[in-house]
Amino acid sequence: MSGPTINIGGIARGFTDLSANASSTDNAARGDFGLIGLAVMGQNLILNAADHGFNVVAFNRTVSKVDHFLANEAKGKSIQGAHSIEEFVSKLKKPRRMMLLVMAGKPVDDFIETLLPHCEKGDIIIDGGNSHFPDTNRRTKYLAAKGIRFVGTGVSGGEEGARYGPSLMPGGNEEAWPYIKDIFQSIAAKSDGEPCCEWVGDEGAGHYVKMVHNGIEYGDMQLICEAYDIMKRGLGMPDKEIGDVFTKWNKGVLDSFLIDITKDIMYFNDDDGTPLLEKILDSAGQKGTGKWTAINALDLGMPVTLIAESVLARCLSSIKSERAKASTKLEFVGRSNKFEGNKEQFLEDLEQALYASKIISYAQGFMLMQEAAREYGWKLNKPSIALMWRGGCIIRSVFLKDITAAYRANNDLENLLFNDFFNKAIHKAQPGWRDVVAKAALLGLPTPCFSTALSWFDGYRTKDLPANLLQAQRDYFGAHTFKIKPEFANAKYKEGENIHVNWTGRGGNVSASTYQA
């Protein structure tokens, strides 16, 4: 029997009306939780919720997927299907808890508009995709005006995390939290018995924290790639031996999901018995969240250098054909192209370099979130954020327990490096870290993230940077003014004032407008 059509994003979709054969009991509002979007993440979250005792209603724009899901993966579980938006909403208990797991951008807005005619005041719409936080800010305000509670939640952990316990980072209209807390904290990953899910903050705070998480993920992955490249090209190690090193590292301070999967990749051979890794094209893709983090850091004036370099490293990898041409025209010129020294000691140094650079990456990430909270008026709970990342997500690691402890000891901690544990760790790692960066440079091996982490550290610990000369240059050519150091203030150069000097005797005494971009 032919049924009506549903229009999402300007595309009319036809479906077979199966609801006519459904019993009145099936149509009763008994769903605890509804989810729209039956790609693998959506299916796995539904199965996860059902495993935890919730009755879930599933809908998909291509409704044949609903029937296939019910007949296969969802068979025998507390999962109902819906074949229209109206039916989907009608099967949910009030206040309705409805989650979207669809492509970010216009599809989210389209589904919201399709849901609204069937919603009532107090209902909750949750966006679980990788939406940009300004969109979540806008949607929260727009829906609050209509009496609908909107939540934007970060979801991390990939397919396996969605099925067995992701990291969840909800933010938005806080009125929704008491109604979704039981579901979210039940399906979330657990770390030392605590759910890796807590309320993050107002409006787009949840998606913002997920964005920074993804930026840190970019950095972690690039650092691991640089360590691999140093071992492969610098030390001439085969993949299996590199895998053995990652296996060893995964038992120490670097114990993490990304190190664990990296050693598996190193050990994986193709059908011909050779490592599959060496056959994969070295051109990295990206979905944009790392770029968003870097752009936002620039907007807020925060020196989040490692994440920015990791994004640019992917951009450099993507110009493969140009790099291939450059490799035939640009030669390495150095005093030696072969590693000389104690290999075992160097591998220990490389482990410390990776650990120290990770510390810098997280320190920068939390600096950014701290500044965002001030700029956007959010109250971010830093210990809870670190806890949310301890399990279920891509950047989960033992290391995050120490970050959680640091912020629980002092939620107002200005910088992670001021905590005793991380202060000692960064000082212990320094000698090896410096040696690795120096040796890589001497061998012509690119280490954008190792190098920028060390450079940032040296800049951050420097009381007097050469920016005084930069300010003098700006004042010389553009009359952009400068401020005097307090210890040199006098009647001519007053403390706190914007000062312009006629450096040549020909420039005049009128200064340019002063502002901070």
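Residues numbered from 1 in each chain as written. Predicted model: local features only at pLDDT ≥ 70, side-chain atom pairs only at ≥ 80, totals over all residues. Heavy atoms only, no water.

Regarding the pattern of salt bridges
And step 1. Tallied over the entire structure, the rule returns 34 salt bridges.
And step 2. Arg149 is the partner of Glu175 in a salt bridge, and the nearest nitrogen-oxygen pair spans 3.5 Å. Here Arg149 lies in strand 8 (residues 149-156) and Glu175 lies in the loop between strand 9 (167-172) and helix 7 (177-187), a separation of 26 residues in the sequence.
And step 3. Overall, the relative accessible area of 52% leaves Glu175 in the exposed class.
And step 4. With its nearest N and O atoms 2.8 Å apart, the salt bridge here joins Lys232 to Glu278. Pair noted here: Lys232 is in helix 8 (residues 205-234) and Glu278 is in the loop between helix 10 (257-267) and helix 11 (289-300), with a separation of 46 residues, a long-range link.
And step 5. For Lys232, a relative accessible area of 32% puts it in the partly exposed group.
And step 6. Through salt bridges with shared partners, a single ionic network connects Asp109, Asp127, Asp135, Arg138 and Arg139. (Salt bridge = Lys/Arg side-chain N within 4 Å of Asp/Glu carboxyl O. Helix = DSSP H or I, 4+ residues; strand = E, 2+ residues; numbered from the N terminus. Buried < 20%, exposed > 50% of the residue type's maximum accessible area, 1.4 Å probe, protein only.)

Considering the nonpolar core
And step 1. Judged by nonpolar contacts, the single largest core of 82 residues is most densely connected at Tyr208, Met231, Trp389, Ile403 and Trp433.
And step 2. The element that contributes the greatest number of residues to this core is helix 14 (residues 343-376), accounting for 17 residues.
And step 3. Contact partners of Tyr208, with chain neighbours within four places excluded, come to Phe133, Asn296, Leu300, Leu368, Met369, Ala372, Tyr376 and Trp378.
And step 4. Core analysis: the second largest hydrophobic core is formed by 32 residues, Leu35, Ile46, Ala49 and Ala58 among them. (Core = buried A, V, L, I, M, F, W, Y, C linked by side-chain atoms within 4.5 Å. Contact = heavy atoms within 4.5 Å.)

Focus: helix 16 (residues 399-409)
And step 1. Taken together, the buried positions of helix 16 are Phe399, Leu400, Ile403, Thr404, Ala406 and Tyr407. Buried residues along helix 16 cover an arc of 160° about the axis, so they all sit on one side.
And step 2. Its buried side turned inward, helix 16 meets helix 14, helix 15 (382-388) and helix 17 (420-442). (Arc of directions from axis to C-beta.)

Topic: the UniProt feature "active site" (unreviewed entry) in the chain
And step 1. According to UniProt, the "active site" (unreviewed entry) feature falls on Lys210 and Glu217.
And step 2. As for its placement among the helices and strands, Lys210 is situated in helix 8.
And step 3. If we skip the residues at most four places from it in the chain, Lys210 touches Asn130, Gly154, Val155, Ser156 and Met169.
And step 4. Residue position: Glu217 is located in helix 8.
And step 5. Glu217 gets classed as buried once you look at its relative accessible area, which sits at 16%.
And step 6. Once residues lying within four places of it in the same chain are set aside, the contact partners of Glu217 are Ile394 and Ile395. (UniProt positions renumbered as here; feature names shortened; annotations may be inferred.)

With respect to the sheet that holds strand 3 (residues 33-36)
And step 1. If you trace the eight strands from one edge of the open sheet to the other, you get 5-4-3-6-7-8-9-12, paired in mixed fashion. On the outer flanks of this sheet lie strand 5 (79-81) and strand 12 (201-202), each paired with one strand and no other.
And step 2. When strand 9 meets strand 12, the two strands line up parallel, connected through two bridges. Paired with Gly171 across the two strands is Gly201, which belongs to strand 12.
And step 3. Of the strands in this sheet, strand 4 (56-59) and strand 5 touch helix 2 (residues 64-71), which is tilted by about 150° from strand 5.
And step 4. Contacting strand 7 (124-127), strand 8, strand 9 and strand 12, helix 8 runs over the sheet at an angle of about 15° to strand 8. (Pairing = 2+ DSSP bridges. Axes fitted to C-alpha atoms, helices over the stretch in contact; angles between N-to-C directions.)

With respect to the pairing of strand 7
And step 1. Burial along strand 7 is two-sided: Ile124 and Ile126 facing one way and Ile125 and Asp127 facing the other are all buried.
And step 2. In this sheet, strand 7 lies alongside strand 6 (residues 97-100) in parallel orientation, the contact comprising four bridges. Within strand 7, the position partnered with Arg97 by the bridge is Ile124.
And step 3. A crossover links strand 6 with its parallel partner strand 7, the connecting element being helix 4 (residues 106-115), and its sense is right-handed.
And step 4. Taken together, strand 7, helix 5 (residues 133-144) and strand 8 constitute a β-α-β crossover, and its handedness is right-handed. (Right-handed = clockwise from strand over helix to strand, strands pointing away.)

As for a nonpolar patch on the surface
And step 1. Residues Phe268, Leu276 and Ile280 make up a contiguous nonpolar surface patch of roughly 280 Å² in combined accessible area.
And step 2. Summarising the element assignment, Leu276 is placed in the loop between helix 10 and helix 11. (Patch = residues over 30% accessible without salt bridge, like charges linked within 9 Å, V, L, I, M, F, W, Y side chains within 5 Å. Areas by Shrake-Rupley, 256 points an atom, 1.4 Å probe, with all protein chains shown as cover.)

Some remarks on the packing of helix 11 against helix 12 (residues 305-318)
Geometrically, a packed helix pair is captured by the angle between its two axes and the distance between the axes.
And step 1. Helix 12 packs onto helix 11 with a crossing angle of 135° between their chain directions and a minimal axis gap of 9 Å. Here helix 11 is positioned oblique relative to helix 12, judged by the angle of their axes. For the pair helix 11 and helix 12, the crossing hand works out as left-handed. Taking contact as the criterion, the partners of Gly290, Lys291, Thr293 and Ala294 in helix 11 are, on helix 12, Ile307, Ala308 and Val311.
And step 2. Partitioned by chemical class, the residues of the contact of helix 11 with helix 12 number four nonpolar, two polar and one charged. (Parallel < 35°, antiparallel > 145°, perpendicular 65-115°, else oblique. Left-handed = near helix turned anticlockwise from the far one by under 90°. Nonpolar A, V, L, I, M, F, W, Y, C, P; charged D, E, K, R; others polar.)

What to know about unusual backbone geometry
And step 1. The step from Lys94 to Pro95 runs through a cis peptide bond, and the omega angle for that step is -10°.
And step 2. The topology assignment puts Pro95 in the loop between helix 3 (85-90) and strand 6.
And step 3. Despite not being glycine, Ala479 shows a phi value in the positive range, around 55°.
And step 4. Take Ala479: it is sitting in the segment after helix 19 (467-478).
And step 5. Backbone geometry at Thr481 places phi at a positive 70°, although glycine is not the residue there.

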